[in-house]
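Summary of the model geometry
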Amino acid sequence: MTDTDTHSQAPNVPNGEFVLFQSKGGKIQVECRFESDTLWLSQTMMCDLYGKAKATISEHISNVFAEGELAENAVVRFYRTTAADGKPYNVKYFSLPMVIAVGYRVRSTRGTQFRQWATQTLQEYLVKGFVMDDERLKNPPVGDSVVPDYFNEMLARIRDIRASERRVYLRVREIFTMAADYEPSNQDTNRFFQSIQNKLHYASTHMTAAELIAERVDINKPDMGLTSYKGDEIRKTDVTIAKNYLREDEISALNRIVVMWLDFAEDQALRRQQVFLNDWDKKLDEFLRFNDRGVLEGSGSVTKKVPDDTAKKTYEAFAIQRRLLKEAEGEKANIDALREIAKTRHNDK
């Protein structure tokens, strides 16, 4: 099939707009009005957006491809467009990554404004760890609009962050500083943190953190039975974190429970003038019962040290297997390379 045949099948161009403007406060802002999950602009539209001639935009596009910044087949698509003469034509359109790449290269007032916005946004992300479009989130699409709304995805990600063990520990500690008998160095306080963690895990899985690790760590399972971990491969610090062994539905349940309880605990702390740690223990049980969740009685059937030691020993064996596998794969790659060299030399004779 020729390019002409391919272009004749081009669909109608989707509606979408890339808007660059200055707010009342003088801040440069960008708004992407998507048709679905992406946005496509023609070269003419980019000329209007950045206030430059077609030859200039064309040169920047060519340089983006020549330098390997973007792959042409990933950002170029032909759409059927009706021209001023009323006739339909197949026109080349470029996706959002190309629009952004050109914005970093073009020299114009609009290009400068775009880079100012990009710098402000990147700085906010680097300093705070997040960037949010408040107005867009406050005013989601309604009716039959096909514009995607990612609010639920954002909430799920926030729940996952709030339910991380480190984040929960810090937040609970902040809340518990309001307790009359709270002592950061007190062993009873540390044991209470462990009790909370066990109760929250039990509420979502019917197992304590220690029981989860004891039951699911297994060198014969993929990734030792872990379902998540930091980085590209499992490290020793990952294997003693109970949440790393949870299934997707269990993680979702745990995240929801933790977020609800943190909000509940914070509200209770702010409303009461004097609270004791035992009050929190009772309040957590009452909260879980109210939400029809299982309530852990006692401390569970397994102490934390035993499964942690088992998980660490299992990891050591797993790490040896992983190293041997990598060495074997490296040897195979070397052999294959030598065979290719020998084959090339034989063909050259």
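Below or above, wherever it landed, is the structure these notes cover. (Residues numbered from 1 in each chain as written. Predicted model: local features only at pLDDT ≥ 70, side-chain atom pairs only at ≥ 80, totals over all residues. Heavy atoms only, no water.)

1. A closer look at the overall build of the protein chain
Filter applied, for reference: For the purposes of this entry, the term helix denotes a DSSP run of H or I that reaches at least four residues, the term strand denotes a run of E that reaches at least two, and both are numbered from the N terminus. Only protein chains enter the accessibility calculation, which uses a 1.4 Å probe; a residue whose area is less than 20% of its type maximum is buried, one above 50% is exposed, and one in between is partly exposed. Only the protein chains shown count as cover for residues, with accessible areas throughout obtained via the Shrake-Rupley method and a probe of 1.4 Å.
Scanning the protein chain for helices and strands turns up 14 helices and five strands. Every one of the 349 residues in the protein chain was classed for burial, and the buried ones make up 32%. Counting every atom, the protein chain has about 22,400 Å² of accessible surface; 50% of that belongs to carbon and sulfur.

2. Observations concerning the sheet that holds strand β3 (residues 40-42)
Either a parallel or an antiparallel arrangement is found when strands of a sheet pair, and the pairing is made through backbone hydrogen bonds. Formally: Two strands are said to pair when DSSP picks up at least two bridges between them. Helix axes are fitted only over the stretch in contact, all axes being lines through C-alpha atoms; the angle between N-to-C directions runs from 0 to 180 degrees.
Taken in spatial order, the three strands of this open sheet run β3-β5-β4, and their pairing is antiparallel. Only two strands of the sheet have a single neighbouring strand rather than two, namely β3 and β4 (76-82). If you compare each strand with its neighbour and ignore which way they point, the axes differ by 50° on average. Here β4 pairs with strand β5 (residues 88-95) via seven bridges, running antiparallel.

3. Observations concerning the nonpolar core
Filter applied, for reference: The definition of a nonpolar core used throughout is a set of buried Ala, Val, Leu, Ile, Met, Phe, Trp, Tyr and Cys residues joined through side-chain atoms within 4.5 Å. In this description, contact between two residues means that some pair of their heavy atoms is separated by no more than 4.5 Å.
In terms of nonpolar packing, the biggest core is built from 42 residues, with V172, F176, I196, V239, W261 and W280 touching the most fellow members. Residue assignment for this core shows that the elements contributing at least two residues are α9 (165-176), α10 (187-205), α11 (209-216), α12 (248-271), α13 (277-290) and α14 (305-348). Among the elements that line this core, the one with the most residues is α12, at eight residues. Filtering out sequence-adjacent residues up to four positions away, W280 remains in contact with I175, F176, A179, F192, A265, Q268, A269 and V275.

4. As for unusual backbone geometry
Phi is positive for H206, close to 65°, though the residue is something other than glycine. Considering the arrangement of structural elements, one finds H206 in the loop between α10 and α11. Using a relative accessible area of 53% as the deciding quantity, one classes H206 as exposed. You will see that D223, though not glycine, has its phi angle at about 55°, which is positive. Counting through the fold element by element, D223 comes out in the loop between α11 and α12.

5. Focus: the side chain of D238
Where we set the bar: For this count, His and the chain ends are skipped, Lys and Arg are scored as positive, and Asp and Glu as negative. Any carboxyl oxygen of Asp or Glu that lies within 4 Å of a side-chain nitrogen of Lys or Arg is treated as forming a salt bridge with it.
Within the element layout of this structure, D238 appears in the loop between α11 and α12. Summary of buried charges: D238 has no salt-bridge partner, and the nearest side chain of opposite charge, R235, is 5.4 Å away. When neighbours within four sequence positions are excluded, D238 is seen to be in contact with L226, Y229, K230, E233 and N244.

6. Brief notes about the packing of α12 against α13
For clarity, the cut-off: Angles are sorted into four bins: roughly parallel if under 35 degrees, roughly antiparallel if over 145, roughly perpendicular if 65 to 115, and oblique for all others. Left-handed describes a crossing whose near helix is turned anticlockwise from the far helix through less than a right angle; right-handed describes the clockwise counterpart. Nonpolar residues are Ala, Val, Leu, Ile, Met, Phe, Trp, Tyr, Cys and Pro. Charged residues are Asp, Glu, Lys and Arg, and all others, Gly as well, are polar.
At a closest axis distance of 11 Å, the pairing of α12 and α13 adopts a crossing angle of 130°. As the angle between them shows, α12 and α13 are arranged oblique. Like other packed secondary-structure pairs, α12 and α13 cross with a definite hand, here right-handed. Contacts between α12 and α13 involve I257, M260, W261, F264, A265, Q268 and A269 from the first element and W280, K283, L284, F287 and L288 from the second. The residue inventory of the contact of α12 with α13, partitioned by class, reads 10 nonpolar, one polar and one charged.

7. Brief notes about the pairing of β5
The two faces of a sheet get side chains in turn, since along a regular strand they alternate between them. Strand direction decides the pairing type here: β3 and β5, joined by three bridges, are antiparallel. In the sheet register, L41 faces β5, and the bridge partner there is F94. If you look at the hairpin formed by β4 and β5, you'll find five residues sitting between the two strands, and G86 has a positive phi there, around 85°.

8. Details of a nonpolar patch on the surface
Basically, it comes down to this: Like-charged residues within 9 Å of one another, or nonpolar side chains (Val, Leu, Ile, Met, Phe, Trp, Tyr) within 5 Å, are grouped into patches, provided each residue has over 30% relative accessible area and no salt bridge.
Together, L122, Y125, L126 and V131 give the surface a local cluster of nonpolar side chains, amounting to about 400 Å² of exposed area. Secondary-structure assignment places Y125 in helix α6 (residues 109-128).

9. As for the packing of aromatic side chains
Aromatic rings in a pair are described by how distant their centres are and how their planes are angled relative to each other. Filter applied, for reference: Whether two aromatic rings pair depends on their centres lying within 6.5 Å, for rings of Phe, Tyr and Trp, where Trp uses its six-membered ring; planes under 30 degrees apart make the pair stacked, over 60 edge-to-face, and the rest tilted.
According to the stated counting rule, one finds six aromatic pairs in the structure shown. Ring centres 5.5 Å apart and planes at 80° place the aromatic pair Y104 and F114 in the edge-to-face group. Placement of the pair is Y104 in helix α5 (residues 96-105) and F114 in helix α6, with a sequence separation of 10 residues.

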